[in-house]
Amino acid sequence: MTQPPATVFLIDVDNTLLDNDRFIADLHARLDEAFGAESASRYWVGFEQLRDSLGYVDYLGALQLFRTSESRDGMSDARLLRISEFVIDYPFADRLYPGVHETLKHLRRHGPTVVLSDGDVVLQPRKVQRSGLWEAAEGRVLIYVHKEEMLDVVEHHHPARHYVMIDDKLRILSAMKAIWGPRLTTVFVRQGHYALDTAANAAYAPADITVERISDLINFDFPST
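Residues numbered from 1 in each chain as written. Predicted model: local features only at pLDDT ≥ 70, side-chain atom pairs only at ≥ 80, totals over all residues. Heavy atoms only, no water.

Q: It is not clear to me how the packing of helix 2 (residues 37–54) against helix 3 (residues 59–68) should be interpreted in this structure. Could you clarify?
A: Two numbers describe a pair of packed helices, the interaxial angle and the distance between the axes. Interaxial distance between helix 2 and helix 3 falls to 8 Å at its minimum, and their mutual angle equals 125°. The angle between the axes of helix 2 and helix 3 places the two elements in the oblique class. Crossing geometry of helix 2 relative to helix 3 is assigned as right-handed. Contact residues: Ser39, Ala40, Arg42, Tyr43, Gly46, Phe47 and Leu50 in helix 2; Tyr59, Gly61, Ala62, Leu63, Leu65 and Phe66 in helix 3. In terms of residue class, the contact of helix 2 with helix 3 is made up of 9 nonpolar, 3 polar and 1 charged. (Axes fitted to C-alpha atoms, helices over the stretch in contact; angles between N-to-C directions. Helix = DSSP H or I, 4+ residues; strand = E, 2+ residues; numbered from the N terminus. Parallel < 35°, antiparallel > 145°, perpendicular 65-115°, else oblique. Left-handed = near helix turned anticlockwise from the far one by under 90°. Contact = heavy atoms within 4.5 Å. Nonpolar A, V, L, I, M, F, W, Y, C, P; charged D, E, K, R; others polar.)

Q: Honestly, the environment of arginine 95 in this entry has me stumped. Any pointers?
A: Among the secondary structure elements, arginine 95 is positioned in the loop between helix 4 (78–88) and helix 5 (100–108). A sequence separation of 73 residues divides arginine 95 from arginine 22, and the C-alpha atoms of the two residues are 7.4 Å apart. A polar contact is formed between the side chain of arginine 95 and the side chain of aspartate 26, at a distance of 3.2 Å. (Polar contact = N/O pair within 3.5 Å; in protein donor to acceptor, adjacent residues only side chain to side chain.)

Q: How do you make sense of the packing of helix 3 against helix 4 when you look at a structure like this?
A: Between helix 3 and helix 4, the least distance of the axes is 11 Å, while the angle of their chain directions is 175°. With respect to their mutual orientation, helix 3 and helix 4 come out roughly antiparallel. The segment helix 3 lies against helix 4, with Tyr59, Leu60, Leu63, Phe66 and Arg67 engaging Leu80, Leu81, Ile83, Ser84, Val87 and Ile88. The residue makeup of the contact of helix 3 with helix 4, split by class, is 9 nonpolar, 1 polar and 1 charged.

This is the structure in structure tokens:
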């Protein structure tokens, strides 16, 4: 039987490999431009409601809620109907952080790379595909509702003696470390609003490695397979 690799790199997407905060800002601007800030705010109310009930963000589901809050005539508004086009066809490849492909290439010298993300079953895989990350990971893509609760499944699909998890959320890294212990090296990337929330992060132990940007990992030599 083929021996599992010594190390598998598990890598988050939003605000780790690509600037999802920029995508949200652009969606804010598009909604405000189309409907006015006051009306557009109803989209974000539904957005937060869905996040609380589902446990993940659902941009298209929030758009459905926004649509149902419109008048019968308003549901026919072409501006509303084209917001989904903006979301689905968004140029996510343009939002990759500098040095992402070089970083992934560097990591692949030490072991397989696996995209491990939370999200819905429509937009999140679309985001991974349109950004080029699906191809960069050679199809090794896993998307769950709560990835930190799926480590047994992750291990089944990608067995390894050791794992490296790279993420912008210290909460996720801490939860995974509690389960895998010394089998896991946690890497905290200080990009995006979650990573920079000092008050929220104070509740968790520091990661094994902290970097300011994803491209900093090019300077790290991890154990090879």
